[in-house]
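Listed here are the chains, written in short residue letters.
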Amino acid sequence: MTAADILKDLKNRKFKPLYLLHGEEPFYIDQVSNYVEHQVLSDAEKGFNQTVFYGKDTDLMSVLNASKRYPMMADYQVVLVKEAQDMKWGKDDDDKKSINPLLAYLENPLPSTILVFCYKYGKFDKRKKTYKAIEKNGLIFESATLYDNKVPGWIESYITGKGYRINQQASAMLAEYLGNDLSKIANELEKLMLNVSQGQEITLEHIQNNIGISKEYNVFELQTALCQKNAFKVNQIVNYFEANPKANPIVLVLGNLNNFFSKVLACHYVKDRSNLAKEIGVNPYFAKDYELAARSYDYGKTISIIGYLREYDLKSKGVDSNAEDGALLKELMFKILH
């Protein structure tokens, strides 16, 4: 089931006694757990029938004791375990000498309890008996990390769901700039939509004015200038970065360039360029930039550039250097271009 499917069932009051929400991407885990916390019970019911635990601050028996209670003046009670990856889960066995209390409950959960484990930033071990018991008697949802080339489409879908539109160039730029952290992207989009009329198409101008990505002087324009080996434009952009360090921190610039040239390196291994975007995992809108860069920088030079980026990442953190970020970027651009 997708997160949307789970939310639809929750809204229709179709509950499971057990939920395990796990995976690398926290966005959907938060989305489902927030609905359970704020919408399943009424405000009047929450006082006696809702318990929220945090993994590092609780223990297994406290969670189980809460789960075994019956609801008061309500049909259900909610027990929510946030940051469950930090909780000590105990042994995952059940023998004749000692009964595992967690397994015992998971194998026969109370129908009037909605027990939700939010296990973030990693996958729960599917080999464990606890996993299999939840799978048998409840629902398991894995929130996987979204691939980079899928992020623009996710942005467009998110925007559309809110009653807005966004052009392809704007969604592609946002994806490249913000990465694949969906919570971060959603937060920026929510702020952006506050300043755009509903139904209006979101453009690069809106992004520049509300998120702070300059339409002319950003890391993507820098990538294009490097592809073209346009030293004048490269220096213009770097000078802008130096004058606006908060909007263009060196760690962001180096990270994006490292990602860019890593994909340029991948281009050198692709024999059939007709399907380049899919082969290297990028949005088709930017495929031409990677192809141009692969022509501008041969395999050996691309390897050297990736080495430079790692070197200057260390220098930006004070390793064997006390130079300002602007000076480091200028040195780096010179090495890339020559």
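No experiment lies behind these values; they were computed from the predicted model shown. (Residues numbered from 1 in each chain as written. Predicted model: local features only at pLDDT ≥ 70, side-chain atom pairs only at ≥ 80, totals over all residues. Heavy atoms only, no water.)

Asks: Would you mind going over the pattern of salt bridges with me for this structure?
Replies: Think of it this way: side chains of opposite charge can pair up when their charged atoms draw near. A full pass over the atoms with the stated rule returns 14 salt bridges. When the shortest N-O distance is used, the salt bridge between Glu-142 and Lys-123 registers 3.5 Å. Taken together, the residues span a long stretch of sequence, with Glu-142 in strand β5 (residues 139–142) and Lys-123 in the loop between β4 (113–120) and α6 (129–137) at a distance of 19 residues. For Lys-123, a relative accessible area of 54% gives the class exposed. Between Lys-315 and Glu-311 there is a salt bridge; the shortest N-O distance is 3.2 Å. One end of the pair is Lys-315 and the other is Glu-311, both in helix α16 (residues 299–316) and four residues apart, which spans about a single turn. Classification of Glu-311 as partly exposed rests on a relative accessible area of 30%. Sharing partners across several salt bridges, the network here consists of Asp-30, Glu-83 and Lys-120. (Salt bridge = Lys/Arg side-chain N within 4 Å of Asp/Glu carboxyl O. Helix = DSSP H or I, 4+ residues; strand = E, 2+ residues; numbered from the N terminus. Buried < 20%, exposed > 50% of the residue type's maximum accessible area, 1.4 Å probe, protein only.)

Asks: Would you mind going over the sheet that holds β5 with me for this structure?
Replies: Two strands in a sheet stick together by hydrogen bonds in their backbones, pointing the same way (parallel) or opposite ways (antiparallel). The parallel open sheet is built from five strands, whose spatial order is β2-β3-β4-β1-β5. Two strands lie at the open edges of the sheet, namely β2 (50–54) and β5, each paired on one side alone. If you compare each strand with its neighbour and ignore which way they point, the axes differ by 10° on average. The sheet contact formed by strand β1 (residues 18–23) and β5 spans four bridges and is parallel. Across the sheet, the residue bridging to Tyr-19 is Leu-139, located in β5. Contacting β1, β2, β3 (77–82), β4 and β5, helix α2 (residues 26–39) crosses the sheet at an angle of about 155° to β4. Most of the contacts of α6 go to β1, to which it runs at about 125°, and overall it touches β1, β4 and β5. (Pairing = 2+ DSSP bridges. Axes fitted to C-alpha atoms, helices over the stretch in contact; angles between N-to-C directions. Contact = heavy atoms within 4.5 Å.)

Any link to function would need more than the numbers given here.
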